[in-house]
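A closer look at the structure
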Amino acid sequence: MARYAAWNIEAARALVARMSRLDGAAMPILHALQDEFGYVDREAVPLIADALNLSRAEVHGTVTFYHDFRERPAGRRVIKLCRAEACQAVGCESLVDHLARRHGVAVDATTADGDLTVETVYCLGNCALGPAALVDGELVGRLDAESLSALCHGGAVEMAQSPEGGAA
Ligand code: FES
């Protein structure tokens, strides 16, 4: 289920050229690259720097400052687990432990086989249905160890959602 294009420097160059005239183009370009490839390849840094007349250090600094930007390819499934207060109150940290023990993946890491990336987010606006997560961009609520494991194994996101948008 490849959701992202494989890194391609010529496609990236064309994207940068298309967007370089926007006001404050660096952030839109970085988001567009990540949307396209799933991460911001290090080869994109000089492309952006040259197009926007910035130093490479400035562009690299922007990529590393914002946690939303990945510097390595994402796993085939991306789970962004909410660890803000309301989700903490209903057990999200036990899910972090579960991920480490059962699936061998730490938060903000990708499994060695490239199957799974787990990232931390802080509040998805789904506090009443916590613990909450975004799974491949889809909101899931009322996660527990079992439903999280199913999602880690590529289970359908819909199966983890209740009719009202949370999780069963
Ligand atoms: S605190 Fe987790 S969705 Fe708001």
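Data block above holds the structure.
First things first, this report covers the structure right here in the doc.

What counts as what
Residues numbered from 1 in each chain as written. Predicted model: local features only at pLDDT ≥ 70, side-chain atom pairs only at ≥ 80, totals over all residues. Heavy atoms only, no water. Helix = DSSP H or I, 4+ residues; strand = E, 2+ residues; numbered from the N terminus. Buried < 20%, exposed > 50% of the residue type's maximum accessible area, 1.4 Å probe, protein only. Contact = heavy atoms within 4.5 Å. Areas by Shrake-Rupley, 256 points an atom, 1.4 Å probe, with all protein chains shown as cover. Lys, Arg positive; Asp, Glu negative; His and termini not counted. Charge placed at Lys NZ, Arg CZ, Asp CG, Glu CD. Axes fitted to C-alpha atoms, helices over the stretch in contact; angles between N-to-C directions. Parallel < 35°, antiparallel > 145°, perpendicular 65-115°, else oblique. Left-handed = near helix turned anticlockwise from the far one by under 90°.

Okay, the overall build of the chain next. Secondary structure assignment for the chain yields 7 helices and 5 strands. Over its C-alpha atoms, taken along the principal directions, the chain stretches across nearly 50 × 30 × 30 Å. Per-residue burial for the chain yields a buried fraction of 43% across its 168 residues. The long-range fraction of contacts in the chain, counting pairs at least 24 apart against all pairs at least 6 apart in sequence, stands at 60%. Total accessible area on the chain is roughly 9100 Å²; 51% of this is exposed by carbon and sulfur atoms. Within the chain, one finds 15 positive and 23 negative side-chain charges whose respective centroids are separated by 3 Å.

What follows deals with the packing of helix H2 (residues 26–37) against helix H3 (residues 44–52). When two helices pack together, you describe them by how their axes are tilted relative to each other and by the distance separating the axes. The interhelical angle for the contact between H2 and H3, taken along N-to-C directions, is 150°, at an axis separation of 11 Å. One way to sum up the angle between H2 and H3 is to call them roughly antiparallel. The handedness of the crossing between H2 and H3 is right-handed. Residues Ala26, Ile29, Leu30 and Leu33 of H2 touch H3, and the partners they reach there are Ala44, Ile48 and Leu52.

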